[in-house]
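Given next are the chains, with one letter for each unit.
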Amino acid sequence: MNRERKKWKKEWQKEYRKQQKKNMVKYKGWGYFFVAPFMLGFIICTLIPQLMTFGNSFFENYKEGLNQIGPRFVFLKNYIEIFTPSNNGDILVFKYLGNTVLLWLIGVIPQFLFAFVLALIFTHRRIQIKGKKFFITVIYMPNMIMASAFSMLFFSLFSNIGPINQIITAFAGDGAKIDFFSRTVTVYFMIGLMNFLLGVGSTTILIMSGIMSIHQSVFEAAIIDGASTFKTFLHVTLPMIKPVLLYCLITSMITGLQMFDVPQILTNGIGTPNYSSKTLVMWLNSYLGTSKNYGMSGAISVVMFIITAALGIIVYKSTIRKGEKAEWN
């Protein structure tokens, strides 16, 4: 009797599971449906152009006057030319990479420091600022302005006949007029200031979101244990927002290596003075804009991709201790 009951129960459970599977709504295929538009856009607009750029880098393809030279397969000739020293003995890719990194650092270091201070002030429980939302909006506003428009504004402000020089001459005479675009220090200052203003708002908001995601009980536990404000920041806040900081740093670095519009417009595409503010993308644009050398520009793009990927991996590896990767995932 018990055997028959067990057998009947097992068959009933089997039939019930089968019926459940039959009536169950399957959502497995919907994931692919929702991902499809992004993947289609990525393949058409990003992956295919990247593969074409990589293929182009092995060809000689440019215009000489009205004559079209190529496309002619030259294999690694373009890459060899990139790393060949110029008449001055400079390897241009390293020179312009150094300019790019330096210009990025001048803007990003104060940007992160300022964003950190603002984020801590805006998220601190004991600091109650009237009109906090207004100040956050004002800080973020430069992000909404196009970098090219920002560059034109600075060009107008600091030109030889601009308001800044007019103020200087009004107080100190014509002899005190400063040619801001003929000095490396002033050009670097202007580009760094613009990059700082364009990025500080978004960085502040991202750091704020990271701090606000930490539960208040964690801070209360640190206070009960006798931790000071500085120690709470150092041992609680900083480690817990590390993923946000890493994201900000890597995205900022990628944006910095692609720096183009600010120095291009500010220095009229020349990179004055003496090419000291010419970036990698400005160098790339000089091949696309003047000689129409698509093969060389493709090779420079591939080198830039490798440099960006290598620096991204270095930053990622250097900011993560052993065992943290598994915790984040």
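Computed from a predicted structure; not experimentally measured.

So, how was this worked out
Residues numbered from 1 in each chain as written. Predicted model: local features only at pLDDT ≥ 70, side-chain atom pairs only at ≥ 80, totals over all residues. Heavy atoms only, no water. Salt bridge = Lys/Arg side-chain N within 4 Å of Asp/Glu carboxyl O. Helix = DSSP H or I, 4+ residues; strand = E, 2+ residues; numbered from the N terminus. Buried < 20%, exposed > 50% of the residue type's maximum accessible area, 1.4 Å probe, protein only. Axes fitted to C-alpha atoms, helices over the stretch in contact; angles between N-to-C directions. Parallel < 35°, antiparallel > 145°, perpendicular 65-115°, else oblique. Left-handed = near helix turned anticlockwise from the far one by under 90°. Contact = heavy atoms within 4.5 Å. Nonpolar A, V, L, I, M, F, W, Y, C, P; charged D, E, K, R; others polar. Phe/Tyr/Trp six-rings, centres within 6.5 Å; stacked < 30°, edge-to-face > 60°.

Here we take up the pattern of salt bridges. Within this structure, the stated rule accounts for two salt bridges. Residue Glu 60 pairs with Arg 72 through a salt bridge whose shortest N-O separation is 2.1 Å. Placement of the pair is Glu 60 in strand β1 (residues 59-64) and Arg 72 in strand β2 (residues 67-73), with a sequence separation of twelve residues. Judged by relative accessible area, Arg 72 falls into the partly exposed class, the value being 47%. Glu 60 serves as the salt-bridge partner of Lys 77, at 3.3 Å between the closest nitrogen and oxygen. With Lys 77 in helix α3 (residues 77-82) and Glu 60 in strand β1, this pair connects stretches of sequence that are 17 residues apart. Exposure remark for Glu 60: the relative accessible area of 10% places this residue in the buried category. By sharing partners, the salt bridges in this structure join Glu 60, Arg 72 and Lys 77 into a single network.

Across the interface, helix α6 (residues 147-158) lies against helix α8 (residues 184-212) with an axial gap of 11 Å and an inter-helix angle of 140 degrees. One way to sum up the angle between α6 and α8 is to call them oblique. The two elements α6 and α8 meet at a crossing, and its hand is right-handed. Across from Ala 147, Phe 150, Ser 151, Phe 154 and Phe 158 in α6, the residues of α8 making contact are Met 190, Leu 193, Met 194, Leu 197 and Leu 198. Partitioning the contact of α6 with α8 into residue classes produces nine nonpolar, one polar and no charged.

With that settled, consider the packing of aromatic side chains. Inspection of every chain in the model, using the stated rule, returns 16 aromatic pairs. Measuring from centroid to centroid gives 6.1 Å for Phe 73 and Phe 75, while their planes differ by 35 degrees, and the two rings are tilted. The interplanar angle of 85 degrees and the centroid separation of 5.6 Å between the aromatic rings of Phe 116 and Phe 233 together place this pair among those described as edge-to-face. Taken together, the residues span a long stretch of sequence, with Phe 116 in helix α4 (residues 92-123) and Phe 233 in helix α10 (residues 229-240) at a distance of 117 residues. In textbook terms, an aromatic cluster arises when at least three aromatic residues are bridged by ring pairs, as seen for Phe 54, Phe 58, Phe 59, Phe 73, Phe 75 and Tyr 79.

Our focus in this paragraph is the side chain of Thr 204. Relative to the helices and strands, Thr 204 is located in helix α8. For Thr 204, the residues in contact, after removing those within four places along its chain, are Ala 115, Leu 118, Ala 119 and Ile 139.

Topologically, Ser 252 is positioned in helix α11 (residues 242-257). Discounting chain neighbours no more than four positions away, the residues touching Ser 252 are Trp 104, Val 108 and Phe 112.

For the rest of this paragraph, the subject is the packing of α10 against α11. The geometry of α10 relative to α11 is characterised by a closest axis approach of 4 Å and an angle of 60 degrees between their N-to-C directions. Put simply, α10 runs oblique to α11. Across the interface between the two elements, Leu 238, Pro 239 and Met 240 of α10 pack against Lys 242, Pro 243 and Leu 245 of α11. In terms of residue class, the contact of α10 with α11 is built from five nonpolar, no polar and one charged.

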